[in-house]
Every structure is written in C-alpha cells, then in structure tokens.
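Residues per chain, in single letters:
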Amino acid sequence: MTLGHTPPQPRPERGHTPQVPPTDRGKMITAGVLLMIPIVALMWVPSYARIEPELLGFPFFFWYQFLWVFLCSALTYTAYRLTLAARPRRTPGESIAGPGPDGSDSTDGDR
C-alpha cells in the first residue's frame, strides 16, 4: 500500500451501476426546460422592445427585464428542487463508489 494513493476502482458495466439508483429523467428534463425559459424569453428582444405599457412611469422595456430577475430566481429554485428530487438520496456516510475490495468504505480513510 502506498501512502496517499488509493488504487483505481473497477468501472461498473456500461448501463449498470448497482450502488446508485437511476435518476428520474423526466424531472431532469423539466428542470432543463425551466432553465431555458428565461434564456429564450430574454433573447427574443423584439417581443419586449417597446415603450407601452408603462408601469409607474417606467417603459415596458425596462420593467419587463426587471420582472425577469424575480422570474429567473423562481424558475432556478424550482429547477434546483426538481434536480434534488430526481436524484436518489444517500445516507451521509455512504459512498457513491460503494465498499472497497476489503469491505470497508473507501471514503473512511485510516481512522
């Protein structure tokens, strides 16, 4: 055994990882779509490049973009929560790689 070096773990077979449950692809796709909405809405400038209607004296062009600050926050938070829900939960001490060849958890080190 060399100090500070752990031997590489064998790769699981393609498409099969027994330690990690599968990710919910539908939720991940929905999160991606939610993140794309503000990008598309703000890149399509002709849709909001106008003065009317004004809000409290501000032209539409300005208050529409400021409104997207809050909308982006809400959409990003929702996408984050969907991503957390789509991924499997692990216990705090559980390793993604699973137990090592000697049966101990590879993240434990020399305790």
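Preceding this paragraph is the structure being described.
Figured I'd write up the structure that's included with this text. No experiment lies behind these values; they were computed from the predicted model shown.

Criteria and cut-off values
- Residues numbered from 1 in each chain as written.
- Predicted model: local features only at pLDDT ≥ 70, side-chain atom pairs only at ≥ 80, totals over all residues.
- Heavy atoms only, no water.
- Helix = DSSP H or I, 4+ residues; strand = E, 2+ residues; numbered from the N terminus.
- Buried < 20%, exposed > 50% of the residue type's maximum accessible area, 1.4 Å probe, protein only.
- Contact = heavy atoms within 4.5 Å.
- Areas by Shrake-Rupley, 256 points an atom, 1.4 Å probe, with all protein chains shown as cover.
- Expected span 1.5 Å × (residues − 1).
- Core = buried A, V, L, I, M, F, W, Y, C linked by side-chain atoms within 4.5 Å.
- Phe/Tyr/Trp six-rings, centres within 6.5 Å; stacked < 30°, edge-to-face > 60°.
- Axes fitted to C-alpha atoms, helices over the stretch in contact; angles between N-to-C directions.
- Parallel < 35°, antiparallel > 145°, perpendicular 65-115°, else oblique.
- Left-handed = near helix turned anticlockwise from the far one by under 90°.
- Nonpolar A, V, L, I, M, F, W, Y, C, P; charged D, E, K, R; others polar.

**Digging into the overall build of the protein**
Now for step 1: Helix and strand content of the protein: two helices and zero strands.
Now for step 2: Buried residues in the protein amount to 16% of all 111 residues.
Now for step 3: Taking the contacts inside the protein whose residues are at least 6 apart along the sequence as the reference set, 52% of them involve residues at least 24 apart.
Now for step 4: Surface exposure of the protein reaches about 9300 Å², of which carbon and sulfur atoms provide 65%.

**Section: helix 2 (residues 60-86)**
Every α-helix carries 3.6 residues per turn, so stepping three or four residues along brings you back to the same face.
Now for step 1: In this model helix 2 runs 37 Å from its N-terminal to its C-terminal C-alpha over 27 residues, within 8% of the 39 Å that 1.5 Å per residue would give.
Now for step 2: Taken residue by residue, helix 2 has F60, Y64, W68, L75, A79, T83 and A86 as its buried positions.
Now for step 3: Residues of helix 2 that are buried in the fold lie against helix 1 (25-43).

**So, the nonpolar core**
Now for step 1: Formed by A31, L34, A41, Y48, F60, Y64, W68, L75 and A79, the largest nonpolar core amounts to nine residues.
Now for step 2: Of all the elements in the fold, those that place two or more residues in this core are helix 1 and helix 2.
Now for step 3: If we ignore the near neighbours within four places in the chain, the residues touching F60 are S47, Y48, R50, I51, E52 and P53.

**A closer look at the packing of aromatic side chains**
Now for step 1: Within the structure shown, the criterion is met by seven aromatic pairs.
Now for step 2: Ring centres of Y64 and W68 lie 6.3 Å apart, and the angle between their planes is 70°; on these two criteria the pair is classed as edge-to-face. Of this pair, Y64 and W68 both sit in helix 2, four residues apart, which is roughly one turn of the helix.
Now for step 3: What makes Y64 buried here is its relative accessible area of 15%.

**What about the packing of helix 1 against helix 2?**
Now for step 1: Following both chains from N to C, one finds helix 1 and helix 2 inclined at 170°, their axes separated by 8 Å at the closest point. In terms of orientation, helix 1 and helix 2 fall into the roughly antiparallel class. The two elements helix 1 and helix 2 meet at a crossing, and its hand is left-handed. For the pair helix 1 and helix 2, contact is made by K27, M28, T30, A31, L34, L35, I37, P38, A41 and L42 and by Y64, Q65, W68, C72, L75, T76, T78, A79, L82, T83, A85 and A86, respectively.
Now for step 2: Its residues assigned to classes, the contact of helix 1 with helix 2 shows 16 nonpolar, five polar and one charged.

**Re the side chain of T83**
Now for step 1: Its place among the elements puts T83 in helix 2.
Now for step 2: Owing to a relative accessible area of 17%, T83 belongs among the buried residues under this scheme.
Now for step 3: Setting aside its immediate chain neighbours within four residues, T83 contacts M28 and A31.

**Some remarks on the environment of L34**
Now for step 1: Its location among the elements puts L34 in helix 1.
Now for step 2: Residues L34 and T78 lie 44 residues apart in sequence; the distance between their C-alpha atoms is 7.8 Å.
Now for step 3: When residues no more than four places from it in sequence are discounted, the contact partners of L34 are L75, T78, A79 and L82.

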